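Report on the structure
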Amino acid sequence: MPADWTKRIIGAAALAAIAGGLAWFAWPRPVLVDLATVAKGPIEVTADDDGKTHVRHIYTVSAPIAGKVLRISHPLGEKGPSLHVGDEVVANQTVIALMQPTLPGFIDVRSRDQLQAEVSAADAAIQQQEAEVQRIEAALDFSRTEFQRAQTLSRTQTISTQAFDKAKFDVATNEAALASAKAQADMRRAVRTSLAARLMDPANASPSAEPTCCVRVLAPASGRVLKIIQDSEATVLPGTPLVDIGNPLDLEVVADLLSTDAVQIKVGAPVRIDGWGGQPIKGKVVRVDPAGFLKVSALGIEEQRVRVTVDFNDPPQAWSQLGHDYRVAVHVTTWSAQDVLTVPVSALFRKGDQWVVFADENGRARAKPVDIGHRNNRFAEVVSGLTAGDRVVVHPSDRIAGGSRIAQRGAP
């Protein structure tokens, strides 16, 4: 008998232990969560986007005429001025570029044959005109001899007045004809020279030996070279951009913000500039463009953007390392307050048309609807629904519902 009771007691104890273990495993455990405390403090709402620095006044030096522009930034040791990016230039003194006449173009076979025939015709016309000059010179010599004879006879009054005037008239007529013939000969020689020049091609052209013989393009303003657009030697048309010049200390920041953000920005709004590799810089909005433009994002989304221009408030020593077209991050303040009740944005979720948070009440999660005002990427302004000191669940998961037991992660 005692042995049977002992077995029964041991069996009952084992069953009780198993039942207790099953009950312990089945009992709901509190969900570990991160908690944040609702408190009062400063909050700032900003419109954030990438921007770039921009020299306020850029002078683009262009070719004044059509011609061949020589290499601008040639290696040291070559003749002529050498200009590189970053070099300082002085208005109306520094030579930006040198331009020479262009070489003649190539001539096709038919055009060359036509020009050569015209040159041969011009040579024949010159010979014909030279013969005409010789004929008129002979006639002029004869008329002068006749006029001298008439002068001799007039002294003895053995020649009529009409014959004397006729001899004088012949001399004047032949002199005028000779001058006209010589002018015609010169004109035909010039025509022949023009035709011969049209036969010139790049193979037999003789370029100028001195590059300084031609047009010098001077700097229109003092500053530094920002960009050399046409660096190599090339034949350019009038108005072709060659070099960009500007003052690197005359910088501003340009950002293309969404039009929905731009409508909230006012001129004079404070701006924080960072993301450029140095300490944050203070600035202010000086211009919001009245017209927007369409811009396609990197994801292929069409967005309506508005250009916002920002000036630096900090002295140049704080941003002197920046240059033209440097990337920066722009944060334009659209609203700010110093003492408002705030809650982390990560604690908010939507339930119907309301914002809701899970508040910690004695270790259990209670859903509370809240009214939210302004917000930024981290915090939101609480208008109603919470008080200072309330603790809310940050990043609530699907495991949490109203009445769920919760425990702060990392709490002892």
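Above: the structure in question.
To start, this report covers the structure provided alongside it. As the structure is a prediction and not an experimental result, all values here were calculated from the model. (Residues numbered from 1 in each chain as written. Predicted model: local features only at pLDDT ≥ 70, side-chain atom pairs only at ≥ 80, totals over all residues. Heavy atoms only, no water.)

**Some thoughts on the sheet that holds strand β6 (residues 95–100)**
A sheet is described by the order of its strands in space; here four strands give the open sequence β7-β6-β4-β9, paired in antiparallel fashion. The open sheet terminates on both sides in strands that have one partner only, identified here as β7 (215–218) and β9 (234–236). Across the sheet, the mean angle separating the axes of adjacent strands is 35° when strand polarity is ignored. Pairing of strand β4 (residues 67–69) with β6 involves two bridges; the strand directions are antiparallel. Among the inter-strand pairings, V69 is bridged to a residue of β6, identified as M99. (Pairing = 2+ DSSP bridges. Helix = DSSP H or I, 4+ residues; strand = E, 2+ residues; numbered from the N terminus. Axes fitted to C-alpha atoms, helices over the stretch in contact; angles between N-to-C directions.)

**A word on unusual backbone geometry**
Even without glycine at this site, N92 takes up a positive phi of about 60°. With respect to the element layout, N92 can be found in the loop between β5 (88–89) and β6. Residues other than glycine seldom take positive phi values, yet D325 does so here, at roughly 65°. The topology assignment puts D325 in the loop between α5 (316–319) and β15 (327–344).

**Structural notes on the sheet that holds β5**
The four strands are arranged β3-β10-β8-β5 in an open sheet whose pairing can be described as antiparallel. This sheet does not close on itself; its edge strands, each paired only once, are β3 (59–62) and β5. Sheet topology note: the β5/strand β8 (residues 223–228) ladder contains two bridges and is antiparallel. Residue pairing for β8: E88 is matched across the bridge by R224.

**Looking at the packing of helix α2 (residues 109–155) against helix α3 (residues 161–198)**
In the contact formed by α2 and α3, the axes pass within 8 Å of each other and the chain directions differ by 165°. Taken together, the axes of α2 and α3 are roughly antiparallel relative to one another. Judged by the sense of rotation from one axis to the other, the crossing of α2 with α3 is left-handed. (Parallel < 35°, antiparallel > 145°, perpendicular 65-115°, else oblique. Left-handed = near helix turned anticlockwise from the far one by under 90°.)

Shape is all these values report; function is a separate question.
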